[in-house]
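A structural walkthrough
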Amino acid sequence: MGAEQSTVEDDSQPATEIKKLTEVKFHLQGVEHVAKSENITPNTSLNFYLRNILKMTGTKAMCLEGGCGACLVVLQNKDPITQKDVFLAVNSCLIPLLSCNGWKIFTIEGIGNSVEGFHPLQEVLARFNGTQCGFCSPGMVMNMYALYESGKLTMQQVENSFSGNTCRCTGYRSILTAFKSLCTDADFGILRECPDVEDLVSCYKERCARKCSTDCNNVSKEPFLLELGEIRWIKVHSLKDLLRTLRINPQATYRLVAGNTAQGVYRSYKDTVDLYIDVTEVPELKDYKIQGDTCMVGGNITLTIAIEFFNEVAKSYPSFSYLKAVADHIDLVANVPVRNRATIAGNLIIKHDHHDFPSDIFLILETVGATITLVNVSGQETNISPIDFINCDLRKEPLVIKTINLPSFPTTFKYISYKIMPRAQNVHALVNAGFVFKFDNSGLLQSATIVYGNISVPFVHANVTERLLAGKNLFDNSVLQQVYTSLTNELDPDVRPPDPSPEFRKKLAISLFYKAVLSIAPSDKMASKNKSGGAVLQRPISTGSQDYEYNKQKYPWTSEIPKLGALSQTSGETKYVIDLPDLPFQLYGALVLAKAPANSVIRKINPDGALGREDIVAFYSKDDIPGDNVFTILTPLTTSEEQLFCDGRVRYYDQPIGILVGKSQEALENAVSLVLVTYDSPNVEPLLTSRQVVKEGRTDRITQYKKNDATRRGNDVKHVVKGSFDIYQQYHFHMENQCCQAIPEDKGLLVYASTQWMDLVQCAISRVLGIPESQITVMVRHCGGAFGGKITRASLIACATALAAYKLKKPVKMWLPLTTNMTAIGKRFPLSTDYEVGLDDNGVFQYANVTHYTDVGSQFDEDISPWFEQIFQTIYTSDTFTTSYNRVVTDTATNTWTRAPGSVEGLAAIESIMEHCSYASGIDPIQIRTANFSNQTPILTYMNDMKTWANIDKRKADIATFNKENRWKKKGLAVIPMSFDVLLLGPHLATVSIFHGDGSVQISHGGIEVGQGINTKAAQVCAYKFGIPLEKVTILPSHNFISPNNLATGGTIATDGVTYGIVQACDTLLERMKPYRTEGAKWEDIVKTSHDNFVVLKASGLYTPSQPGLGNYRVYGVCAAEVIVDILTGQHIVTRVDLTEDTGISMNPILDVGQAEGALIMGLGYQTTEKIVFSYEGKVLTNNTWTYYPPGAKDIPVEFNVKFPKDNPNPVGVLKSKGTGEPAITLAIAIPLAIRNALASARKDADQSNPPWYRINGTTDVENVLLHTLSDPSQYVL
Ligand SMILES: Cc1cc2nc3c(=O)[nH]c(=O)nc-3n(C[C@H](O)[C@H](O)[C@H](O)COP(=O)(O)OP(=O)(O)OC[C@H]3O[C@@H](n4cnc5c(N)ncnc54)[C@H](O)[C@@H]3O)c2cc1C
Ligand code: FES
Ligand code: FES
């Protein structure tokens, strides 16, 4: 502890009078709003209040932990120094409503809507096709609104500011382009697309002027107290009041409420306490200034202010120039909206409470030797180091973090820090590191500070190494070797799944030391090829091109028409199931999950603890099901009747065992754990992967479902290549979690389901309830993303909800929290493949023996085999392949179709084999592929076109030169072909009605709008067929009465099916109206005359696999991906992707570009950042946004070019088109193979004798890359 400093304790003085309030007042969209305290608890978030109390559902909810950005709203503040208006995007899910007193809040509804006019930001996002399912769109708009209203913007700022907004559909390129078009430095090409920039200037002010009855800027500065039963919420405006409040409540459990973001990391910060003290406006805690040689910042300044202030100080004070690097590091903490609220003190308290938390703030402060000024309730101040702070006992007495004091550094001191993350932004560190090297005048080290995060719970400093370095020459290779030995000895990372392995964390920590030295070593002391190792990867602003054709004559078919409903999505007006109005007496449901490993047997379920709560109404398990305990049925594509609720033997950890029903979602959250379940423990350990099953010899779990024998074997075997390939689960990450609303009707139920398969929901509910299918009505307006996760799994949620509604005769809504969604529901099918290939000297396959194991999870239900087998065997001549296809049952949730199921895994497997063959034989990867291409496909043409279009040969040569010149940065390139079969399935029904009054048209069809644009294409085709403007066509929600018995939307076929049905229906109607179509007659008149003659102006068309003129078809494509890899960290940037995809005659090229881009980025995530980790018991540990990482806006290719071949009709496609929803995701395998290509050069540099190929187990993530570099500290030389 540092020296104690006494301040005057001011007990004699009365504290500021604290007003008692019974309501919270704030401005919402510029209008004063009063929230009565009876509706509120300290845990009531602004998001809950907006959505559930005010019914303003434009603001969405998804993760509820600050990780996804669906819930963003904007706060308007005055900057205390400049007095300028400041607009901040914040996560409404993390803001307690009670904090909002005196605030000015804008939500998506307030900035623009269909009544008062859309905001230009809403328009621009729609116009650039930056929305697909639309669930992320309001959050995207609000983030941009805050940026835009805060001042002039550059493209760099936009590019850097969307880290907190996840979009699973678009692949971000279109969103970034839309918003960059508004920047001062926008490219001319996109600038001309943007709405009149004048429209954008301070729209809020105009609205305010119209609406405000009170002065917006008169924010209340008075302290207040709100009593909520036993709980008190006090807002203080001075440190004195804060300390007094703590002093006079010595027995109370309390929490200081600053940004309230800690609960996004640890749920325990949501636990109720007696006293909440809002410290967001305590000037002493918000101050920041330079005081002599100290940079002082208040404990509760936000990370955003800290970044701004540190950047300013670094510019103005040479002795604080290191703060620029500190600001850059803080810029990597969390994301913009979280940083706008999160404070330094709050972060330090998390680190205090959880030593395993990899706090970047603690790391920085400890590295620079900052001190923390704590103040106790008597006003006594203590200065303490960060490390002493996290070890001090805060239970003894309440202590407030008042200020943080950062020292100045002479220019001979060097500060360097790193945060290594699994993706570019918005994720905690895998390892973080901070170094301060203090040099004396002779250039030797006076001392060194070495701090690492995420090594082990107690580890902070590399003390031994720090001591070793004192007085040494840092730029001496022998000293460096001593350092590595010392670090190797003192770094002992713990095992901490789902964090990466100790081996990786240790290797990374040592590499970071070397990187830091390279970053400051004098140029003349380093070999030139090592220099680039000192820099972190720098990402330029991303760009992209889209090359396609469209035919104006055929308007609106083939036209670039933005998605219908895009404006409704970007303005938040689109209603998803959870946004539907609550009904009188409505209840909520929550799944209760088995918290026990597979093969445990349920002995007893006791829900009494939960049912004893006032707000809990019922609990139902398998015993309460009147019909059958199933949620899937047998169909040509589904093979099992899966249990709705566990029937006794637990099949996987977190299997649903029942549904708890209560009066609110909040009540359920707290009560689910009160359903007590006792189990008989299993006597076997769960088998979680195919490899484990095979290793254990559990042949009872392995089914060979197909074997293809080679019909030919070559005898010119010059190379034998043996290997194995493994790839694991992928979570769908649809932004709208699984949800359903079921409403009892006279007989049966009306069900609003977020499903891709209405028919399954209807059939399964009928089975569960034991009532006729005719008593179940299913309606689907659209899903907020699905990606296959809502084909069969949505039926589980629907059946459970329907059961509760049916039994209670009350409407019930169920929305799965993200963790439940990620644990209870299966994912992409993992694949393990063993292979042996014989090649001749040209790389031509002489034979290939391949065994595949597809992990189906705990039960085989959904079939992926047709797509898997096709993609594995068609692109290359496969008559020499002997292939065994096996299904393996594991103790994990039943896996389920996920975008391009089977195809993603199949292409990844064959292309990895190809690449292995290339490495093993030394034959160029493109050449070896070309040598084996089947002549049954035109893929060679596509490949050759790619070589020219993307300048492959020249770039390969450039890469070779770069790699020769750089030891620690490597570039790589891979070019991957694809032939993707679209298999005709059905039925899909489409119904078209024409109205006699004005000739307008309605469509309802059996497909589901999941973001792919099926409704837009349906309307386009209909308008084209009738020759009418698109505006005349309206699409109704999908409804099982209008479109009964339809197959699921998935497999890239529903749009084909529905548009085919529309063509048929339109043809029927045109035929019926033919007698009344006279030369030059207007459409409206033809319709009217037809109606007057009793023509039935309604017709349906059905798409089935046997329709004339249609057939299965192939989608061809090629992807060239280039990456740069940091060999010292394992990180990479995808520098360029060129993608060609065959779309036939695209019905709507901009929608198809969106599908191709979005698919590729979902694949990029699967291949490089997304990883599901299980505990040894089989519990999914990666079950939230803190642990599972779909790509963000800065993970996409820096340059992303998409091209659709022109004049390329599909003879057997609907209107000569091809489907685009899935194929491109398979091509993302190009990215890990490009990374391998880069790694190959590093491995060669490291050890010529090592085999160039190696197995990567699963995702090619930062960990897997670094662990395969073959580098070791002996190579870490200057
Ligand atoms: C999505 C997300 C991503 C994140 N990523 C990172 C990351 O990459 N790196 C990283 O380091 N952190 C990360 N964080 C953590 C983030 O920095 C902290 O949540 C934040 O700084 C906490 O500050 P707060 O003001 O919100 O604290 P609050 O949640 O308001 O409070 C947290 C605790 O601090 C106490 N407290 C607050 N102020 C004081 C004070 N002045 N004196 C004493 N006690 C006080 C409160 O009593 C409470 O117990 C992330 C958080 C989220 C939600
Ligand atoms: S719902 Fe608030 S950030 Fe995800
Ligand atoms: S459009 Fe972004 S998540 Fe669907």
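Residues numbered from 1 in each chain as written. Chains lettered and ligands numbered in written order. Predicted model: local features only at pLDDT ≥ 70, side-chain atom pairs only at ≥ 80, totals over all residues. Heavy atoms only, no water.

**Side note on the environment of Asp388**
What counts, and what does not: Per the convention used, a helix needs a DSSP run of H or I reaching at least four residues, while a strand needs a run of E reaching at least two, with both numbered from the N terminus. The buried label applies to any residue whose accessible area, calculated with a 1.4 Å probe on protein chains only, is under 20% of its type's maximum; exposed applies above 50%, and partly exposed to all values in between.
With respect to the element layout, Asp388 can be found in helix H16 (residues 386-391). A relative accessible area of 33% means that Asp388 is categorised as partly exposed. On a C-alpha basis, the gap between Asp388 and Gln1131 in space is 33 Å, while along the polypeptide they are 743 residues apart.

**Points about the packing of helix H3 (residues 120-127) against helix H4 (residues 137-149)**
Worth spelling out the cut-off: Angular values range over 0 to 180 degrees, each being the angle between N-to-C directions of two axes fitted as lines to C-alpha atoms, with helices fitted over their stretch in contact. Angles below 35 degrees are treated as roughly parallel, those above 145 as roughly antiparallel, those between 65 and 115 as roughly perpendicular, and all remaining angles as oblique. Crossing handedness is defined as follows: a turn of the near helix away from the far one that is anticlockwise and smaller than a right angle gives a left-handed crossing, while the clockwise case is right-handed. It only takes one pair of heavy atoms within 4.5 Å for two residues to be counted as in contact.
Two elements in contact, H3 and H4, have axes separated by 10 Å at closest approach and are oriented at 125°. Relative to H4, H3 is oriented oblique. As H3 packs across H4, the resulting crossing turns out to be right-handed. Contacts between H3 and H4 involve Leu121, Gln122 and Leu125 from the first element and Ser137, Met140, Val141, Met144 and Tyr145 from the second.

**Regarding the packing of aromatic side chains**
Aromatic ring pairs are defined here through the distance separating the ring centres and the angle between the ring planes. Short version of the rule: The pairing test for Phe, Tyr and Trp rings, Trp by its six-membered ring, is centres within 6.5 Å, and the orientation test on the planes gives stacked under 30 degrees, edge-to-face over 60, and tilted for anything in between.
Evaluation of the coordinates by the stated rule reveals 42 aromatic pairs. Judged by centre distance (5.8 Å) and plane angle (85°), the rings of Phe437 and Phe513 are edge-to-face. In this pair, Phe437 is assigned in strand E18 (residues 431-439) and Phe513 in helix H19 (residues 502-520), connecting sequence segments 76 residues apart. With respect to class, Phe437 is no different from Phe513; both count as buried. Each ring, one from Tyr484 and one from Tyr1276, has its centre 5.7 Å from the other, and the planes form 85°; the classification is edge-to-face.

**A word on the environment of Val1096**
You can see Val1096 is positioned in the loop between helix H34 (1083-1092) and strand E40 (1098-1103). Sequence spacing of Val1096 and Arg1072 is 24 residues, and the spatial spacing of their C-alpha atoms is 7.9 Å. Apart from the residues lying within four places of it in its own chain, the contact partners of Val1096 are Leu1069 and Arg1072.

**Concerning the packing of helix H12 (residues 323-330) against helix H15 (residues 360-368)**
Each pair of packed helices can be summarised by the angle the axes make with each other and by the distance between the axes. Put simply, the test is: Amino acids outside the nonpolar list (Ala, Val, Leu, Ile, Met, Phe, Trp, Tyr, Cys, Pro) and the charged list (Asp, Glu, Lys, Arg) are all regarded as polar, and Gly is one of them.
Where H12 contacts H15, the axes come no closer than 10 Å and their chain directions differ by 165°. Judged on the interaxial angle alone, H15 and H12 are roughly antiparallel. Where H12 crosses over H15, the handedness of that crossing is right-handed. Of the residues in H15, those touching H12 at Val326, His329 and Ile330 are Asp360, Ile361, Leu363 and Ile364. A breakdown of the residues in the contact of H12 with H15 according to their chemical character gives 5 nonpolar, 1 polar and 1 charged.

**Observations concerning the site of ligand 1**
Here is the rule we go by: Any residue with a non-hydrogen atom lying within 4 Å of a molecule or strand is treated as near it. Here a polar contact means two N or O atoms within 3.5 Å. Within protein one must be a hydrogen donor candidate and the other an acceptor candidate, and residues neighboring in sequence count only if both atoms are side-chain atoms. Here, Shrake-Rupley sampling with a 1.4 Å probe gives the accessible areas, and only protein chains in the shown set may cover a residue.
Inspection of the region around ligand 1 gives 35 residues, with Gly259, Thr261, Thr343, Asp360 and Lys419 positioned closest. Between Thr261 and ligand 1, the recorded distance is 2.6 Å, taken from a side-chain N or O atom to an oxygen atom. Alone, ligand 1 offers 980 Å² of accessible surface; in the complex the protein occludes 96% of this. Taken together, the elements giving at least two residues each to the shell around ligand 1 come down to strand E10 (254-257), helix H14 (344-353) and strand E16 (399-407). A total of 5 residues in the shell around ligand 1 trace back to one element, the largest contributor, which is H14. In the shell around ligand 1, the residues fall into 20 nonpolar, 10 polar and 5 charged.

**Some words on the UniProt feature "binding site: Mo-molybdopterin" (unreviewed entry) in the protein chain**
Definition in use: UniProt positions are given in the numbering used here, feature names are shortened, and annotations may be inferred rather than shown by experiment. Buriedness for pockets is judged along seven lines, at least five of which must meet protein on both sides within 12 Å for an open set on the 1 Å grid over protein atoms alone, while cavities are sets there where a 1.4 Å probe fits but cannot get out, and lining residues have an atom within 4 Å of a point.
The sites that carry the UniProt feature "binding site: Mo-molybdopterin" (unreviewed entry) are, in the present numbering, Gln756, Phe787, Arg899 and Gly1051. Separation in sequence by 296 residues is not matched in space for these annotated residues, since their most distant C-alpha atoms are only 12.3 Å apart. In the annotated set above, the residues contributing to the lining of the largest cavity are Gln756, Phe787, Arg899 and Gly1051. As for its position among the elements, Gln756 is in the loop between strand E29 (749-753) and helix H24 (758-769). Under the relative-accessibility criterion, Gln756 is labelled buried at 4%.

**Comments concerning the side chain of Thr280**
Residue position: Thr280 is located in the loop between strand E11 (275-278) and helix H10 (283-286). Owing to a relative accessible area of 12%, Thr280 belongs among the buried residues under this scheme. Within the structure, the side chain of Thr280 is placed 2.6 Å from the side chain of Asp278, a separation counted as a polar contact. Those residues in contact with Thr280, other than ones at most four positions away along the chain, are Lys235, Val257, Ala258, Lys286 and Arg341.

**Regarding the sheet that holds strand E32 (residues 831-839)**
Worth spelling out the cut-off: By this definition, two strands are paired if DSSP reports at least two bridges between them.
Spatial ordering of the open sheet is given by E26-E34-E33-E32-E27, a layout of 5 strands whose pairing is mixed. In this open sheet, the two strands that pair with only one neighbour each are strand E26 (702-708) and strand E27 (719-727). When strand polarity is set aside, the average angle formed by the axes of neighbouring strands in this sheet is 10°. Pairing of E32 with strand E33 (residues 845-857), which is carried by 9 bridges, proceeds in the antiparallel orientation. Looking at E33, one finds that Asp834 is bridged to Thr851.

**Here's the deal with the nonpolar core**
Nonpolar side chains tend toward joint burial in soluble globular proteins. The condition that has to hold: Note on terminology: a nonpolar core comprises buried Ala, Val, Leu, Ile, Met, Phe, Trp, Tyr and Cys residues joined through side-chain atoms within 4.5 Å.
In terms of nonpolar packing, the biggest core is built from 198 residues, with Met144, Phe179, Phe435, Phe437, Tyr452, Leu474 and Phe513 touching the most fellow members. When residues in this core are grouped by element, the largest group, 10 residues, is from H19. Apart from residues no more than four positions distant in its own chain, Phe513 is found in contact with Phe435, Phe437, Ile450, Tyr452, Leu469, Leu474, Leu480, Val483, Tyr484 and Leu487. Grouped together as the second largest cluster of nonpolar side chains are 47 residues, Phe309, Ala314, Val368 and Ile401 included.

**A word on the sheet that holds strand E24 (residues 656-662)**
Strand order in the open sheet formed by 8 strands is E23-E24-E21-E31-E28-E29-E30-E39, and the pairing between neighbours is mixed. Every other strand in the sheet has two partners, leaving strand E23 (616-621) and strand E39 (1038-1039) as the edge strands with one partner each. With 2 bridges connecting them, strand E30 (residues 776-780) and E39 associate as antiparallel partners. Paired with Val780 across the bridge in E39 is Ser1038. The strands touched by H24 within the sheet are E29, E30 and E39, with E30 carrying the most contacts at an inclination of about 150°.

**Topic: the pattern of salt bridges**
Cut-off, in case you're wondering: Salt bridges are identified by distance alone: a Lys or Arg side-chain nitrogen within 4 Å of an Asp or Glu carboxyl oxygen.
Summed over all chains, the structure comprises 65 salt bridges. With its nearest N and O atoms 2.7 Å apart, the salt bridge here joins Glu1170 to Arg168. Here Glu1170 is found in the loop between helix H35 (1149-1168) and strand E43 (1199-1203), whereas its partner Arg168 is found in the loop between helix H5 (155-160) and helix H6 (173-180), with 1002 residues between them in sequence. Residues Asp716 and Lys718 are paired through a salt bridge, measuring 3.0 Å at the closest nitrogen-oxygen approach. With a relative accessible area of 32%, Asp716 lands in the partly exposed category.

**Side note on the UniProt feature "binding site: [2Fe-2S] cluster 1" (unreviewed entry) in the protein chain**
Those places that UniProt annotates as "binding site: [2Fe-2S] cluster 1" (unreviewed entry) correspond, in this numbering, to Cys63, Cys68, Cys71 and Cys93. With the annotated positions falling across 31 residues, the maximum pairwise C-alpha distance of 10.3 Å places them together in a single cluster. Each residue touching Cys63, except ones within four places of it in the same chain, is listed here: Cys68, Arg267, Leu818 and Thr1185. Mapped onto the elements of the fold, Cys93 is located in the loop between strand E6 (85-91) and strand E7 (104-106). Beyond its immediate chain neighbours, meaning those up to four positions away, Cys93 contacts Ser45, Asn47, Leu64, Glu65, Gly66, Cys71 and Gln263.

**Some points on the side chain of Glu869**
Among the structural elements, Glu869 can be located in helix H27 (residues 865-873). Overall, the relative accessible area of 16% leaves Glu869 in the buried class. Not counting residues up to four positions away in its chain, the partners in contact with Glu869 are Lys706, Asn708 and Tyr885.

**Comments concerning empty space enclosed by the protein**
Gaps left between atoms show up when a probe the size of a water molecule is rolled over them. Short version of the rule: Grid points are joined across faces, edges and corners, and a volume is the space filled by probe spheres set on the points.
Applying the stated criterion across every chain, the model contains 12 cavities of 30 Å³ or more. Of the volumes computed, that of the largest cavity is approximately 580 Å³. Thr1049, Gly1050, Gly1051, Thr1052 and Glu1222 are, among the 37 residues lining the largest cavity, the residues nearest its centre. With 3 residues, helix H33 (residues 1054-1073) is the largest single contributor of residues to the lining of the largest cavity. Classifying every residue of the lining of the largest cavity by side-chain character gives 16 nonpolar, 16 polar and 5 charged.

**Let's talk about unusual backbone geometry**
Looking along the chain, the bond that leaves Pro497 and enters Pro498 is cis, with omega of 10°. Take Pro498: it is sitting in the loop between helix H18 (477-490) and H19. The residue Asp654 is not glycine, and still its phi comes out positive at about 75°. Structurally, Asp654 can be placed in the loop between E23 and E24. Not every positive phi belongs to a glycine, and Asp1207 is a case in point at roughly 45°. Assignment of secondary structure puts Asp1207 in the loop between E43 and helix H36 (1223-1226). Residue Asp1207 is classed as exposed on the basis of its relative accessible area, which comes to 63%.

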